[in-house]
Protein chains: 2
Amino acid sequence: MRGRPRSERAEKAIVDATLDMIGEGVTVSELSIEAVATRAGVGKTTIYRRWSNKEDLVVDSLATLRLPMPEPGGTDVRADLIMFLEVMRSESGELRNRCVTNIAMNEADRFPDLYRRFRELVIEPRREAFRQVLRRGVAAGELRADLDVEVAMLMLTGAMISQTKMSGPAHRVPEDLPTRLVDEALRGFRQR
Amino acid sequence: MRGRPRSERAEKAIVDATLDMIGEGVTVSELSIEAVATRAGVGKTTIYRRWSNKEDLVVDSLATLRLPMPEPGGTDVRADLIMFLEVMRSESGELRNRCVTNIAMNEADRFPDLYRRFRELVIEPRREAFRQVLRRGVAAGELRADLDVEVAMLMLTGAMISQTKMSGPAHRVPEDLPTRLVDEALRGFRQR
DNA sequence: TCGATACGAAACGCAATCGTATCGAAAGTT
DNA sequence: AACTTTCGATACGATTGCGTTTCGTATCGA
């Protein structure tokens, strides 16, 4: 291949700018190529040479997100559940990781293809890992045999997600929320 | 007062158009006065005569939402909790009522004033009612004396909200989800 | 009936963003 | 050294929406 090769640095700067803006809460509709170019310190040409439109840019950018999947210990259900929620909590504090929730919650209706790819790539693997922790807990007799695993997962993750979204990027999710959530869920609300 | 009075019908049409569009998932940023005017069958003048900008229009429109607050029976905590979640579930099926979640989840970061007013007007009263149900349950000895009311509320409502957002406007939230959520929460996950 | 105000429609100038084109300079290959 | 491609910058016409103004008509109170 002849000619000047494409700049790796420019490409990374574009993707970084895109992810940062989405993390800040800019919707896909609002995200302007011009803003991305400016923020990345790059000409618009350089973006359009690589991606033909905004959605492609967003999809490819999100695909570069490599969120480390926590590895559950497998012996203590309580500890594993807290660990998963703690990952959600700490990630919510970093701008970049807010992409995940922002895309999942805000863009599902309007960009179904984007949402579907993102769901398969990021969300479902995590849900499955979480599900396995609960299943192991049931199998080990640590959790009720008739526990509704899907509902249990929804209660814990839904609480974290709602809290994250409601509190906004400025506020922090309380450090002890994962522990408190898991303990309340394990004990049950009812007096005995 | 002299002169032609302002048209009640036009005003209602404008507010309805605004709420419908928000319910459909149009963000406040995307919501254009021109689109509202067209949809309401009204001139832009008629809108600007009443509201000086988009945010005012949205705030006032949301303020007209009179979401019937369920009246808890006060005797059976389980029944009251299920009733609250059931209201959330059934409302999520109607376009108009999706305004509540759409605004609360998507616009908090970008329109903090709007979010604050909306929170005081719509969200907090409901949260408080929900909180009271749990408090009464504790006082009556039906729930654990050391129950973390805030965490309990977060688990139940967060689960409903997440499920609603994740499933999108097309899908329906399962009818039995409120019951399953409340029963799991009351029992606790742990084997005894 | 008359004067005041609201009505819907249309046009205004302004700003943002779109996707494309053009530029000279830079950075590679052959 | 010659050639090719990308670089960032800049300008382009098109489109959209803003908030304002103007228009002739409609609808009220006095």
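Okay, so let's go over this structure. This one's a predicted model, so the numbers in the text were calculated from it and none came from an experiment.

Parameters at a glance
- Residues numbered from 1 in each chain as written.
- Chains lettered and ligands numbered in written order.
- Predicted model: local features only at pLDDT ≥ 70, side-chain atom pairs only at ≥ 80, totals over all residues.
- Heavy atoms only, no water.
- Near = heavy atom within 4 Å.
- Polar contact = N/O pair within 3.5 Å; in protein donor to acceptor, adjacent residues only side chain to side chain.
- Helix = DSSP H or I, 4+ residues; strand = E, 2+ residues; numbered from the N terminus.
- Nonpolar A, V, L, I, M, F, W, Y, C, P; charged D, E, K, R; others polar.
- Core = buried A, V, L, I, M, F, W, Y, C linked by side-chain atoms within 4.5 Å.
- Buried < 20%, exposed > 50% of the residue type's maximum accessible area, 1.4 Å probe, protein only.
- Contact = heavy atoms within 4.5 Å.
- 1 Å grid on protein atoms, 1.4 Å probe; cavity = no way out; pocket = protein on both sides within 12 Å on 5 of 7 lines; lining within 4 Å.
- Points joined across faces, edges and corners; volume = space filled by probe spheres on them.
- Salt bridge = Lys/Arg side-chain N within 4 Å of Asp/Glu carboxyl O.

### Some thoughts on the protein's contact with DNA strand C
Move 1: Around DNA strand C there are 25 residues in total, and Lys-44 and Tyr-48 of chain A together with Thr-46, Arg-49 and Arg-50 of chain B lie nearest to it.
Move 2: One of the side-chain N or O atoms of Tyr-48 of chain A is found 2.4 Å from a phosphate oxygen in DNA strand C.
Move 3: Between Ser-7 of chain B and DNA strand C, the recorded distance is 3.1 Å, taken from a backbone N or O atom to a phosphate oxygen.
Move 4: Those elements that provide at least two residues to the surface near DNA strand C are α2 (33-40) and α3 (44-48) of chain A together with α3 (44-48) of chain B.
Move 5: Element by element, the count of residues in the surface near DNA strand C is highest for α3 of chain A, at 3 residues.
Move 6: In the surface near DNA strand C, the residues fall into 7 nonpolar, 9 polar and 9 charged.

### Focus: the nonpolar core
Move 1: Ranked by size, the top nonpolar core spans 54 residues in total, and within it Leu-134, Leu-181 and Phe-189 of chain A together with Leu-134, Leu-181 and Phe-189 of chain B carry the most contacts.
Move 2: Elements with a minimum of two residues in this core: α5 (77-92), α7 (112-139), α8 (149-167) and α9 (177-187) of chain A together with α5 (77-92), α7 (112-139), α8 (149-167) and α9 (177-187) of chain B.
Move 3: Not counting the four nearest positions on each side in its chain, Phe-189 of chain B is found in contact with Leu-143, Arg-144, Leu-147, Ala-152, Met-155, Leu-156, Ala-185 and Leu-186 of chain A together with Glu-184 of chain B.

### Topic: the protein's contact with DNA strand D
Move 1: DNA strand D sits among 25 residues. The nearest are Thr-46, Arg-49 and Arg-50 of chain A together with Lys-44 and Tyr-48 of chain B.
Move 2: Per the 4 Å cut-off to the protein, sugar and phosphate atoms form 71% of the nearby atoms of DNA strand D.
Move 3: In the model, a phosphate oxygen of DNA strand D is placed 3.1 Å from a nitrogen or oxygen of the Ser-7 of chain A main chain.
Move 4: In the environment of DNA strand D, a phosphate oxygen lies 3.1 Å from a nitrogen or oxygen atom belonging to the backbone of Glu-34 of chain B.
Move 5: Of all the secondary structure elements, the ones that give two or more residues to the surface near DNA strand D are α3 of chain A together with α2 (33-40) and α3 of chain B.
Move 6: The element contributing the most residues to the surface near DNA strand D is α3 of chain B, with 3 residues.

### Some thoughts on empty space enclosed by the protein
Residue and element names in this part refer to chain B.
Move 1: Per the counting criterion, the structure on display carries 4 cavities of 30 Å³ or more.
Move 2: For the largest cavity, the calculated volume is near 60 Å³.
Move 3: What lines the largest cavity is a set of 10 residues, among which Arg-89, Ser-92, Gly-93, Arg-172 and Val-173 lie closest to the centre.
Move 4: Going through the elements one at a time, α5 and α8 are the ones with two or more residues in the lining of the largest cavity.
Move 5: When its residues are assigned to classes, the lining of the largest cavity shows 1 nonpolar, 6 polar and 3 charged.
Move 6: Taken as a whole, the second largest cavity holds about 50 Å³ of empty space.
Move 7: Each residue belonging to the lining of the second largest cavity can be placed in one class, and the counts come to 2 nonpolar, 4 polar and 4 charged.

### Focus: the pattern of salt bridges
Move 1: Per the stated rule, a full pass over the model turns up 42 salt bridges over all chains.
Move 2: Residue Arg-127 of chain A pairs with Glu-124 of chain A through a salt bridge whose shortest N-O separation is 3.7 Å. Residue Arg-127 of chain A and its partner Glu-124 of chain A are located together in helix α7, separated by 3 residues, close to a single helical turn.
Move 3: A relative accessible area of 26% places Glu-124 of chain A in the partly exposed class.
Move 4: Its salt-bridge partner being Arg-144 of chain B, residue Asp-146 of chain B comes within 3.1 Å of it at the nearest N-O pair.
Move 5: Overall, Asp-146 of chain B belongs to the partly exposed group, its relative accessible area being 46%.
Move 6: Connected via shared salt-bridge partners are Arg-119, Glu-124, Arg-127, Glu-128, Arg-131 and Glu-150 of chain A.

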